[in-house]
Amino acid sequence: MDTLMAIELRKSIRNYLPKPVETEIIAQLLRAGNSAPKVGFFHITVIENPEVLKEINDQALVQYKNSGDKLLMGPAAVEGYQPLYGAPVFFLFSAPFASPSNEATASCAVTCITIAATALGLGSCYIHSALLGIKGNPKLIEKIGIPFGLTPICGVVIGYSADESLTSPRSRFTEENVNYCR
Ligand SMILES: Cc1cc2nc3c(=O)[nH]c(=O)nc-3n(C[C@H](O)[C@H](O)[C@H](O)COP(=O)(O)O)c2cc1C
């Protein structure tokens, strides 16, 4: 797929088929992530273990419900809502600390991964809020295998979309947030 088409087709997918993602595709996505512009440091943990994914998801849901934040409590109150959307793969980014440069660098990598996933026919969604289910949970951090001293900073779920077409580009281009100095 043409790169510009993949960029336009990319959208956040929040419902996934319970279908594993091929090892070669995961490798291609990791290459895409590690090809992004980089100034800070990040480590990527590829989480595919269904029990660990469920634990992260369920812990996040509990945190959302108790957060006092309407933006999290609203979705969490919807029957069947899953913070990881049932995706079979979660790329979790961690770093020694959540500095702006580490977070910006990881976000660049996430963006490359989402575009590469789209080009390969997979759905993706940037994940930040669900980290609430991991942070402050040393047992879960150990189970995930995040290297010692690193803290989760962001993530992206990947999988085959259950219900949304990845074939129609959305025309979202607007000049409302643009100015020119020529
Ligand atoms: C920094 C950042 C954090 C995000 N965190 C979440 C998240 O925790 N959960 C989620 O479902 N989407 C998350 N998103 C995805 C946005 O909600 C989504 O990109 C936005 O609504 C635009 O929709 P689109 O991706 O379909 O174009 C995040 C996006 C960014 C850039």
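Everything in this summary refers to the structure shown in the same document. Small disclaimer: the values here were computed from a predicted structure and weren't measured. (Residues numbered from 1 in each chain as written. Predicted model: local features only at pLDDT ≥ 70, side-chain atom pairs only at ≥ 80, totals over all residues. Heavy atoms only, no water.)

### Thoughts on the site of the ligand
Let me state the cut-off plainly: Any residue with a heavy atom positioned within 4 Å of a molecule or strand is treated as near that molecule or strand. Nitrogen and oxygen atoms within 3.5 Å of one another constitute a polar contact, given that in protein one can donate a hydrogen and the other can accept it, and given that sequence-neighbouring residues count only through two side-chain atoms. Every accessible area reported is derived by Shrake-Rupley at a probe size of 1.4 Å, with residue values counting cover from the shown protein chains alone. Note that Gly is not counted as nonpolar here; it falls among the polar residues with everything else outside the nonpolar set of Ala, Val, Leu, Ile, Met, Phe, Trp, Tyr, Cys and Pro and the charged set of Asp, Glu, Lys and Arg.
Around the ligand, the structure places Arg10, Lys11, Ser12, Arg14, Tyr85, Cys125, Tyr126, Ile127, His128, Ser129, Arg170 and Arg172. One of the backbone nitrogen or oxygen atoms of Tyr126 is found 3.3 Å away from a nitrogen atom of the ligand. In isolation the ligand offers 630 Å² of accessible surface; the protein chains occlude 58% of this area. Residue composition of the shell around the ligand, by class: 4 nonpolar, 3 polar and 5 charged.

### Quick notes on the packing of helix 3 (residues 50-65) against helix 4 (residues 70-77)
If you want to describe how two helices pack, look at the angle between their axes and the distance between the axes. Cut-off, in case you're wondering: Angles here are taken between N-to-C directions and fall from 0 to 180 degrees, while the axes themselves are lines fitted to C-alpha atoms, restricted in helices to the stretch in contact. Put simply, DSSP H or I for four residues or longer makes a helix, DSSP E for two residues or longer makes a strand, and each gets a number counted from the N terminus. Under this scheme an angle from 65 to 115 degrees is roughly perpendicular, one under 35 degrees roughly parallel, and one over 145 degrees roughly antiparallel; angles in between are oblique. It is the rotation of the near helix from the far one that decides the hand of a crossing: anticlockwise by less than a right angle makes it left-handed, clockwise makes it right-handed. Only heavy atoms matter for contacts: two residues are in contact if any of them lie within 4.5 Å across the pair.
Packing of helix 3 against helix 4 leaves a shortest axis separation of 8 Å and a crossing angle of 120°. When the axes of helix 3 and helix 4 are compared, the pair comes out oblique. Remark: the crossing between helix 3 and helix 4 carries left-handed chirality. Where helix 3 approaches helix 4, its residues Leu61, Tyr64 and Lys65 are matched on the opposing element by Leu72, Met73 and Ala76. Residues that form the contact of helix 3 with helix 4 fall into these classes: 5 nonpolar, no polar and 1 charged.

### Describing the sheet that holds strand 4 (residues 151-159)
Cut-off, in case you're wondering: Here, strands pair whenever DSSP counts at least two bridges between them.
Read across the open sheet, the 4 strands follow the order 1-2-4-3; overall the sheet is antiparallel. Each having just a single partner strand, strand 1 (43-47) and strand 3 (123-127) make up the two edges of the open sheet. Mean inter-strand twist for the sheet, computed between neighbouring axes without regard to direction, equals 20°. Of the strands in this sheet, strand 2 (89-95), strand 3 and strand 4 are in contact with helix 5 (residues 100-119), which crosses strand 4 at around 5°.

### Side note on the packing of aromatic side chains
Aromatic ring pairs are reported here in terms of the distance separating the ring centres and the angle at which the planes meet. Keep this limit in mind: In this scheme Phe, Tyr and Trp rings, the latter by its six-membered ring, pair at centre separations within 6.5 Å, and the angle between planes marks the pair as stacked below 30 degrees, edge-to-face above 60, and tilted otherwise. A 1.4 Å probe rolled over the protein chains alone gives each residue an accessible area, and that area as a share of the maximum for its type sets the label: buried under 20%, exposed over 50%, partly exposed in between. A positively charged side chain is recorded as over a ring if its NZ (Lys) or CZ (Arg) lies within 6 Å of the ring centre. The angle to the ring normal must also be within 35 degrees.
Evaluated as defined, the whole model comprises 3 aromatic pairs. Ring plane angle 85° and centroid distance 5.9 Å describe the contact between Tyr81 and Tyr85, whose orientation is recorded as edge-to-face. The same class applies to Tyr81 as to Tyr85, namely buried. It is Lys19 that lies over the ring of Tyr160; its NZ or CZ is 4.0 Å from the centre. Positioned above the aromatic ring of Phe42 is the side chain of Lys38, whose terminal nitrogen or guanidinium carbon lies 4.8 Å from the ring centre.

### Re the pairing of strand 3
Moving residue by residue along a regular strand, the side chains alternate between the two faces of the sheet. Of all the 5 residues making up strand 3, 4 are buried; the element is thus mostly covered by neighbouring parts of the structure. As paired strands, strand 3 and strand 4 are joined by 5 bridges and run antiparallel to one another. The residue bridging Gly123 from the neighbouring strand is Gly159, located in strand 4.

### Remarks on the nonpolar core
One broad trend across soluble globular proteins is that nonpolar side chains are buried collectively. Stated formally: To form a nonpolar core, buried Ala, Val, Leu, Ile, Met, Phe, Trp, Tyr and Cys residues must be joined to one another through side-chain atoms within 4.5 Å.
Ranked by size, the top nonpolar core spans 28 residues in total, and within it Ile56, Phe90, Ile134 and Ile144 carry the most contacts. At the level of elements, helix 3, helix 4, strand 2, strand 3 and helix 6 (138-144) are the ones that each hand at least two residues to this core. Here this core takes 6 residues from helix 3, the largest share from any one element. Residues in contact with Phe90, not counting those within four places in the same chain, are Thr45, Val46, Ile47, Leu53, Ile56, Leu84, Ile127, Leu131, Ile134, Gly155, Val156 and Val157. In terms of nonpolar packing, the next biggest core, distinct from the first, is built from 24 residues, Val21, Ile44, Val89 and Ile153 among them.

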